[in-house]
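Here is what each chain is made of, one letter per residue.
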Amino acid sequence: MSEQGLVVLDQVNKRFGDHHVLRDVDLSVRRGEVVVIIGPSGAGKSTLCRAINRLETIDSGTILIDGTPLPEEGRQLARLRAEVGMVFQSFNLFAHKTVLENVVLGQVHVLKKSRADAEKKAYELLERVGIGGQAAKFPAQLSGGQQQRVAIARALAMEPKVLLFDEPTSALDPEMVNEVLEVMTALAREGMTMVVVTHEMGFARRAADRVVFMADGEIVEQNAPDDFFGTPRSERAKSFLAKILTH
């Protein structure tokens, strides 16, 4: 693997009807890099995140994962989705299955692991995200923060090359936000490649290698966190930061 990124978007465009959501987006994420995408509502952040594992199709441009273009559909797409883990705003856990089952399922069906190996891995990961004692419970018996940590464990169980987080804390009560961000910060320190769409500026400052600021479907600027927050270059970023950092 050369210096080319693990995730590379080249001239990506996406429209919903007349609304041009992504405009000629170029982005490259290196292996082991944590890229945090921020910006006002409607900037195209979540659409960009969802395009990377083809939950959202694109109209033009290319997206490469580890040098391979995104497959259209079918078995290759399922395999790609295993390599590109996704953690959603709304957990998306199977309500009728236990926490353990939620983390085991994909390993058995997609990775074709034995049940015993999958369970062993699931227990290890639940321990790692701090909810080892909750394996036998159902999602509804957990707090939102615990459910989101199950979702992270489930994504990690697929041994992904990159993890995508689409506003993973925005549905949580404030006191639960930090427990999820702590898990994400630990993953960042361990060298997991991550693309994170979030409103949590503290996390962006602490855990990001690079902050990407989007507005109106475009990447307006990107920089290391200290530089971006300290001396934003564009007027759009300055006004955005002025609004959110005064609170």
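Please read all numbers here as calculations on a predicted model, not as lab measurements.

Draft legend 1. Focus on the overall build of the protein chain. In terms of regular secondary structure, the protein chain is built from nine helices and ten strands. For 247 residues, the compact-globule estimate of 2.2 N^0.38 gives 18 Å, and the C-alpha radius of gyration of the protein chain, at 18 Å, lies within 12% of that figure. For the C-alpha atoms alone, the extent of the protein chain along its principal axes is close to 55 × 40 × 35 Å. Here the protein chain holds 247 residues, and 53% of them are scored as buried. Long-range contacts, defined here as pairs at least 24 residues apart, represent 66% of the contacts in the protein chain between residues at least 6 apart. Across the protein chain, the 30 positively charged side chains and the 33 negatively charged ones have centroids separated by 3 Å.

Draft legend 2. Structural detail: the environment of Val108. Among the secondary structure elements, Val108 is positioned in helix α3 (residues 99-109). Sequence spacing of Val108 and Glu119 is eleven residues, and the spatial spacing of their C-alpha atoms is 9.4 Å. Not counting residues within four places of it along the chain, the set of residues in contact with Val108 comprises Lys113, Ser114, Arg115 and Ala118.

Draft legend 3. The packing of aromatic side chains, seen in detail. Applying the stated criterion across every chain yields a total of three aromatic pairs. Note on Phe213 and Phe240: the rings are 5.3 Å apart at their centroids and 45° apart in plane angle, and the pair reads as tilted. Taken as a pair, Phe213 in strand β9 (residues 210-215) and Phe240 in helix α9 (residues 235-245) lie far apart in primary sequence, 27 residues in all. Assigned by exposure class, Phe213 and Phe240 land together as buried. Among the aromatic residues, those joined into a cluster by ring pairs are Phe213, Phe228, Phe229 and Phe240.

Draft legend 4. Layout of helix α2 (residues 74-83). Listed as buried for α2 are Leu77, Leu80 and Ala82. The inward-facing, buried residues of α2 contact α1 (45-52), β4 (60-65) and β6 (84-87).

Draft legend 5. Broad picture of the sheet that holds β4. The strand order across the open sheet built from four strands is β2-β1-β4-β5, with neighbouring strands paired in antiparallel fashion. Edge strands, defined here as strands with exactly one partner in the open sheet, are β2 (19-29) and β5 (68-69).

Draft legend 6. Local environment of the packing of α3 against helix α4 (residues 115-128). At a minimum axis distance of 9 Å, the contact between α3 and α4 shows a crossing angle of 130°. Here α3 is positioned oblique relative to α4, judged by the angle of their axes. Crossing angle aside, the handedness with which α3 passes α4 is right-handed. Here Val99, Leu100, Glu101, Val103, Val104, Gln107 and Val108 of α3 come into contact with α4, specifically with Arg115, Asp117, Ala118, Glu119, Lys121, Ala122, Tyr123 and Leu126. Here the contact of α3 with α4 is built from residues that sort into nine nonpolar, one polar and five charged.

Draft legend 7. Molecular detail of the side chain of Gln147. If you trace the backbone, Gln147 turns up in helix α5 (residues 144-157). For Gln147, a relative accessible area of 15% translates into the label buried. Residues contacting Gln147, with those up to four places away along its chain left out, are Phe91, Leu93, Pro139 and Leu142.

Definitions and limits used
- Residues numbered from 1 in each chain as written.
- Predicted model: local features only at pLDDT ≥ 70, side-chain atom pairs only at ≥ 80, totals over all residues.
- Heavy atoms only, no water.
- Helix = DSSP H or I, 4+ residues; strand = E, 2+ residues; numbered from the N terminus.
- Rg over C-alpha atoms; globule rule 2.2 N^0.38 Å.
- Buried < 20%, exposed > 50% of the residue type's maximum accessible area, 1.4 Å probe, protein only.
- Contact = heavy atoms within 4.5 Å.
- Lys, Arg positive; Asp, Glu negative; His and termini not counted.
- Charge placed at Lys NZ, Arg CZ, Asp CG, Glu CD.
- Phe/Tyr/Trp six-rings, centres within 6.5 Å; stacked < 30°, edge-to-face > 60°.
- Pairing = 2+ DSSP bridges.
- Axes fitted to C-alpha atoms, helices over the stretch in contact; angles between N-to-C directions.
- Parallel < 35°, antiparallel > 145°, perpendicular 65-115°, else oblique.
- Left-handed = near helix turned anticlockwise from the far one by under 90°.
- Nonpolar A, V, L, I, M, F, W, Y, C, P; charged D, E, K, R; others polar.

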